[in-house]
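Close look at the chain arrangement
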Amino acid sequence: MAYAAAGKRVLITGASSGLGAALARRLAAQGAVVGLIARRRDRLGEVLADCRRTSPSSAMWAADLADTAALGELARQAWDDLGGIDVLINNAAIPKRRVVTELAPDEVEDVMRVNFFAPMRMTLALLPRMLDRGSGMIVNVSSVGGRLGIIHETAYCASKFALCGWSEAMAVDLHGSGVTVKLIEPGPVDTEIWDQPGSEAPLYQGPKVAAEEVADGIIAALGSDRFEHYVPDMKAVVDVKNADIDTFIAGVAGMAPR
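In this text, all values refer to a predicted model and were calculated from it rather than measured experimentally. (Residues numbered from 1 in each chain as written. Predicted model: local features only at pLDDT ≥ 70, side-chain atom pairs only at ≥ 80, totals over all residues. Heavy atoms only, no water.)

A word on the overall build of the protein
Applicable threshold: Secondary structure elements follow DSSP: runs of H or I of four or more residues count as helices, runs of E of two or more count as strands, with numbering from the N terminus. In this treatment the radius of gyration is a C-alpha quantity, and the globule benchmark scales as 2.2 Å times the residue count to the 0.38 power. Here the term buried applies to any residue with accessible area under 20% of the maximum for its type, exposed to any over 50%, and partly exposed to those in between, with areas from a 1.4 Å probe on protein chains only. We call two residues contacting when some pair of their heavy atoms lies within 4.5 Å.
Helix and strand content of the protein: 8 helices and 9 strands. Whereas a compact globule of 258 residues would reach a radius of gyration of roughly 18 Å, the protein reaches 18 Å, a difference of no more than 12%. In terms of principal-axis extent, the alpha carbons of the protein reach across some 55 × 40 × 35 Å. Taken across its 258 residues, the protein has 50% of its residues classed as buried. When contacts within the protein are restricted to residue pairs at least 6 apart in sequence, those whose partners lie at least 24 apart make up 71%.

A closer look at the pattern of salt bridges
Once the charged atoms of two side chains with opposite charge are near each other, the side chains can pair. Rules: By definition, a salt bridge exists where a carboxyl oxygen of Asp or Glu is found within 4 Å of a side-chain nitrogen of Lys or Arg.
Taken as a whole, this structure holds 11 salt bridges when the rule is applied. In this structure, the salt-bridge partner of Arg98 is Glu107, at a minimum N-O distance of 2.3 Å. For the residue pair Arg98 and Glu107, the accessibility class agrees, reading buried in each case. Taken together, the salt bridges that share partners define one network made up of Arg147, Glu168, Glu185 and Glu228.

Here's the deal with the UniProt feature "domain: Ketoreductase" (unreviewed entry) in the protein
The condition is simple: UniProt positions are given in the numbering used here, feature names are shortened, and annotations may be inferred rather than shown by experiment.
Annotation from UniProt places "domain: Ketoreductase" (unreviewed entry) at residues 8-187. The span residues 8-187 carries 47% helix and 18% strand; its end-to-end C-alpha distance comes to 27 Å.

Notes on the packing of aromatic side chains
The line we're drawing: Working definition: a ring pair exists when centres of Phe, Tyr or Trp rings (six-membered ring for Trp) sit within 6.5 Å. Plane angles under 30 degrees give stacked, over 60 give edge-to-face, the rest tilted.
Per the stated rule, a full pass over the model turns up 2 aromatic pairs. Ring centres of Phe116 and Phe117 lie 5.4 Å apart, and the angle between their planes is 55°; on these two criteria the pair is classed as tilted. On the basis of relative accessible area, Phe117 is assigned to the partly exposed category, the value being 33%. For the ring pair Phe116 and Trp166, a centre distance of 5.9 Å and an interplane angle of 85° mean the geometry is edge-to-face.

Section: the environment of Asp225
As for its position among the elements, Asp225 is in the loop between α6 (211-222) and β9 (228-231). Distance in space between the C-alpha atoms of Asp225 and Ala28 is 23 Å, their sequence separation being 197 residues.

With respect to the side chain of Ser58
Turning to its location among the elements, Ser58 is positioned in the loop between α2 (41-52) and β3 (59-62). Beyond its immediate sequence surroundings of up to four residues, Ser58 is in contact with Ala32, Val33, Val34, Leu48, Cys51 and Arg52.

Focus on the nonpolar core
To keep it simple, the criterion reads: Only buried residues count toward a nonpolar core, which is a set of Ala, Val, Leu, Ile, Met, Phe, Trp, Tyr and Cys residues joined through side-chain atoms within 4.5 Å.
Counting 35 residues, the largest nonpolar core has Ile12, Leu23, Leu27, Val34, Leu36 and Ile89 as the members making the most contacts within it. By size, the runner-up hydrophobic cluster in this structure holds 27 residues, among which are Leu11, Leu82, Ile85 and Ala125.

Here is the structure:
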């Protein structure tokens, strides 16, 4: 069933570029009122200007999602400013490509703050209001790296595995409540996440999917009855890993430069 975005109020984190920006523009073009959160005010303002061409009530809040203690208040402010939120899309994420022996504990905690603790805090701030209303949707954008280990991505995979487990258990707890949970697992998406200060150059050199294509897949997932969505569909890779994880580990380890 196609998702009826018109009139829906959708809050999107990480909306200043990449997948979040593509989602915002796509949803606004379909008549949704979008709320945009990201750290870079100038870039966020550009996305908002595009969205307001078709959705003039859309709004933005410049905020650093690593400042997790402030996120509960931010989420509630967005709810009040938008007159309610129908869909929360926890999309923001940062990479940290580095072999595990070279990681500092603080670096891992930085990744966990943005990629897991921020979605957790945004969700827990809005969930009581959604439950009181009897409707709502929490959409967590994880990664294929939340279902399988990627070479030199221990911190990133830890955060995305956490988001997958959180989403799955939350879907169980909220079953029948009127608040639904969607878990999105994108594969390689062509965004800025591949070229970030403080991260190694990626070993992966294969094809990447355009952010707009993945955004369309996520919007389609909003209208689905299913919980889990691979965009593009890389579930077969995860199934192969689960069938023989030792062979998978040996094979992926072989990607390391010698």
